Amino acid sequence: MDTINDFISAALPYTEWPMFLLLIGGGLFLVFYSKFLPYRYFGHAIAITAGKYDNDKAEGDVSSFQALSAAVAATVGLGNISGVAIAIHDGGPGVVFWIWVTAIIGMCIKFYSCSLAVMFRSTDSDGKVQGGPMYYITQGLGPKAKPLAIFFAVCGLFGFLGVFTANQFTETFMSVVEPSETLFHMSDLNWKLSIGVILAAVTSFVIFGGLEKIAKVASAIVPFMVMVYLIAVVVVMVLNASQIIPSLKLIITEAWNFNTIVTGGFWGLVIIGVRRAMFSNEAGLGSAPMYHGQSKTDNPIKEGLVAMLGPFIDTILVCTFTAVVIILSGAYLEDGSGIVMTLSAFETTLFGYGDVLLMVIVTAFAMSTLFTYSYYGVKCLSFLTNAKIGKFYNWYFVIMIIFAAVASLDLVKNLIDLSYALMVIPNMIAVLLLAPKVNAAAADYFKKIKNAKA
């Protein structure tokens, strides 16, 4: 494991510049190119999500709300709870500011990429409707661009493993339950292996059931768990109201700390923020377009508007709340990283029981994330081979859950960071080249809306 980790760590720095230029540079270009369209129609996006503009006869497998729930299920989860903690541990409170900046730009990237997912829908070898980067690359840019799509799908075979989630769930269980003392004595390694096997077994029950089951389970669990999590966070904030403004001030002042102790200095701080924001809301990564590409919609722009709510819910709301709790509790000054830091923050601020409540929430988030990620990986393998072979990805996915339960946080984090940075490259190139098509469709869509009102 150490050898693999050393190799990945050495490769990571080479991906920083391309990722940063495409995500932030490309994202800013889209913000101005769209004339701030996603932000101007924020209210309209909420109305679409609420079902006001649904068309039952539209093509697709799941409703826009289910697609958003499933995409948010894959993103609101451990990325927000432990990803933010890792970011603050690695870069200090100021990193949160750069997470916000990336998320706001990410809303625009999501609008474009998920509009393209519906615009260039295709069918797989089973005749089922499919959407996502592989399809808008090959159909939007033409057959010459197929190597880009293949590169994306190959990186996706690693990027969409549930390794981070399985690893952080195991850490949570070990930290809160302390099974060797409270249940029965066994070495930590054996406990982690056992948790991995149980997690793999539970996951396999759902993922071998297919998309409809995933969408149903995710849209049932996730909104409820997000609510419970937000209520817990709000309670912490009310109990520590005097600390909220100082915590937010610390985020903003530290964001511009040019003498930061982070590796790579100020630039390192920004890179950590961009990385964790992408891990949190997946804008620019190309995963959400795979879900949104299958929603029942009669217009790509409608789906793009629904999708851009993802980074807002996920990063601007949930990540900020988590960050404030970690900062006001003082947990960020302790040694622990990842979920252990967030658990410590909740235990300190919620009468000693916060870590148990967080464990229940983390369990639900972990499950929903594992269910949705396996589906992304199946789509990547199906694109590279065919729909029949694609289903075998689930077996590999389940085995890797057990591996992740015993792996170090560093190895898991680096593997995901490298895969994500590489996936951004083909996806963002395609989104930027196809942006004019989205602008043309958006002009047409809003013209129809105006005419309908008139």
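First, a word on what this report is: a plain description of the structure on this page.

## Describing the overall build of the chain
Here is step 1 of the chain: Each helix and strand counted, the chain has 24 helices and 2 strands in total.
Here is step 2 of the chain: When the accessible surface of the chain is split by element, carbon and sulfur atoms take 67% of a total near 17,800 Å².

## Quick look at the packing of aromatic side chains
Here is step 1 of the chain: Scanning all chains against the criterion turns up 18 aromatic pairs.
Here is step 2 of the chain: Here the aromatic rings of F160 and Y376 are separated by 5.0 Å at their centres, their planes lie at 50 degrees, and the arrangement is tilted. Of this pair, F160 sits in the loop between α10 (146-159) and α11 (163-177) while Y376 sits in helix α21 (residues 354-384), and the two are 216 residues apart along the sequence. Summarising the burial analysis for this pair, F160 and Y376 share the class buried.
Here is step 3 of the chain: Among the aromatic residues, ring-to-ring pairing joins F97, W98, W100 and W256 into one connected group.

## Concerning α21
Here is step 1 of the chain: The end-to-end C-alpha separation of α21 is 45 Å, in line with the 45 Å expected for 31 residues at 1.5 Å each.
Here is step 2 of the chain: Counting buried positions over the 31 residues of α21 gives 26, a clear majority of the element.

## Points about the side chain of T349
Here is step 1 of the chain: Tracing the backbone through its elements, the reader meets T349 in helix α20 (residues 339-349).
Here is step 2 of the chain: Here the side chain of T349 touches A345 through a polar contact of 2.7 Å, landing on its backbone oxygen.

## Looking at the nonpolar core
Here is step 1 of the chain: In this structure, Y136, Y229 and L305 are the most contacted members of the largest nonpolar core, which totals 144 residues.
Here is step 2 of the chain: It is helix α24 (residues 409-453) that contributes the most residues to this core, 20 residues altogether.
Here is step 3 of the chain: Beyond its immediate chain neighbours, meaning those up to four positions away, L305 contacts L37, P38, Y41, H44, A45, I48, F111, Y445 and F446.

## A look at the packing of helix α13 (residues 188-207) against helix α23 (residues 393-406)
Two quantities define a packed helix pair, namely the angle between the axes and the distance from one axis to the other.
Here is step 1 of the chain: Across the interface, α13 lies against α23 with an axial gap of 7 Å and an inter-helix angle of 155 degrees. Relative to α23, the element α13 is oriented roughly antiparallel. Remark: the crossing between α13 and α23 carries right-handed chirality. Residues L189, K192, L193, G196, V197, L199, A200, T203, S204 and I207 of α13 form the contact with α23, whose participating residues are N394, F397, V398, I401, I402, A405 and V406.
Here is step 2 of the chain: Tallied by class, residues from the contact of α13 with α23 come to 12 nonpolar, 4 polar and 1 charged.

## Examining the pattern of salt bridges
Here is step 1 of the chain: One pass over the structure, following the stated rule, counts 3 salt bridges.
Here is step 2 of the chain: The salt bridge partner of K413 is D410, with a shortest N-O separation of 3.9 Å. On the criterion of helical spacing, the pair formed by K413 and D410 is a turn pair, its members being 3 residues apart in helix α24.
Here is step 3 of the chain: Where K448 meets D444, a salt bridge forms, and the shortest distance between an N and an O atom there is 3.6 Å. Highlighted residues: K448 and D444, both in helix α24, separated by 4 residues, approximately one helical turn.

## Observations regarding a nonpolar patch on the surface
Here is step 1 of the chain: On the surface, M227, I231, V235, L239, F351 and Y353 cluster together into a nonpolar patch covering about 680 Å² of accessible area.
Here is step 2 of the chain: Tracing the backbone shows L239 in helix α14 (residues 211-239).

## Quick notes on the packing of helix α4 (residues 42-49) against helix α18 (residues 300-307)
Here is step 1 of the chain: With their axes 8 Å apart at the nearest point, α4 and α18 run at an angle of 100 degrees to one another. Considering their axes alone, α4 and α18 lie roughly perpendicular with respect to each other. Facing α4, whose interface residues are H44, A45, I48 and T49, α18 presents K302, L305 and V306.
Here is step 2 of the chain: A breakdown of the residues in the contact of α4 with α18 according to their chemical character gives 4 nonpolar, 2 polar and 1 charged.

## Description of α23
Here is step 1 of the chain: Helix length check: α23 (14 residues) gives 21 Å between terminal C-alpha atoms against 20 Å at 1.5 Å per residue, within 8%.
Here is step 2 of the chain: Listed as buried for α23 are Y393, N394, F397, V398, M400, I401, A404 and A405. End-on view of α23: buried residues confined to an arc of 165 degrees, all on one side of the axis. In α23, those exposed residues whose orientation departs by more than 90 degrees from the buried face are W395 and I399.
Here is step 3 of the chain: In this fold, the buried residues of α23 make contact with α10, α11, α13, α21 and α22 (387-390).

## Overview of the environment of F346
Here is step 1 of the chain: If you trace the backbone, F346 turns up in helix α20.
Here is step 2 of the chain: We classify F346 as buried; its relative accessible area is 1%.
Here is step 3 of the chain: C-alpha separation for the pair F346 and S329, spaced 17 residues apart in sequence, amounts to 8.0 Å.

## Examining the environment of V235
Here is step 1 of the chain: Checked against the element boundaries, V235 lands in helix α14.
Here is step 2 of the chain: Its relative accessible area of 34% is what places V235 among the partly exposed residues.

## Some details on unusual backbone geometry
Peptide bonds are, in most cases, trans, and in most cases residues other than glycine have a negative phi.
Here is step 1 of the chain: Of note, K35 is a non-glycine position whose phi angle comes to about 55 degrees, a positive value.
Here is step 2 of the chain: Turning to its location among the elements, K35 is positioned in the loop between α2 (13-33) and α3 (37-40).
Here is step 3 of the chain: Non-glycine residue F36 carries a positive phi angle of around 60 degrees.
Here is step 4 of the chain: Mapped onto the elements of the fold, F36 is located in the loop between α2 and α3.

Cut-offs used in this document
Residues numbered from 1 in each chain as written. Predicted model: local features only at pLDDT ≥ 70, side-chain atom pairs only at ≥ 80, totals over all residues. Heavy atoms only, no water. Helix = DSSP H or I, 4+ residues; strand = E, 2+ residues; numbered from the N terminus. Areas by Shrake-Rupley, 256 points an atom, 1.4 Å probe, with all protein chains shown as cover. Phe/Tyr/Trp six-rings, centres within 6.5 Å; stacked < 30°, edge-to-face > 60°. Buried < 20%, exposed > 50% of the residue type's maximum accessible area, 1.4 Å probe, protein only. Expected span 1.5 Å × (residues − 1). Polar contact = N/O pair within 3.5 Å; in protein donor to acceptor, adjacent residues only side chain to side chain. Core = buried A, V, L, I, M, F, W, Y, C linked by side-chain atoms within 4.5 Å. Contact = heavy atoms within 4.5 Å. Axes fitted to C-alpha atoms, helices over the stretch in contact; angles between N-to-C directions. Parallel < 35°, antiparallel > 145°, perpendicular 65-115°, else oblique. Left-handed = near helix turned anticlockwise from the far one by under 90°. Nonpolar A, V, L, I, M, F, W, Y, C, P; charged D, E, K, R; others polar. Salt bridge = Lys/Arg side-chain N within 4 Å of Asp/Glu carboxyl O. Patch = residues over 30% accessible without salt bridge, like charges linked within 9 Å, V, L, I, M, F, W, Y side chains within 5 Å. Arc of directions from axis to C-beta.

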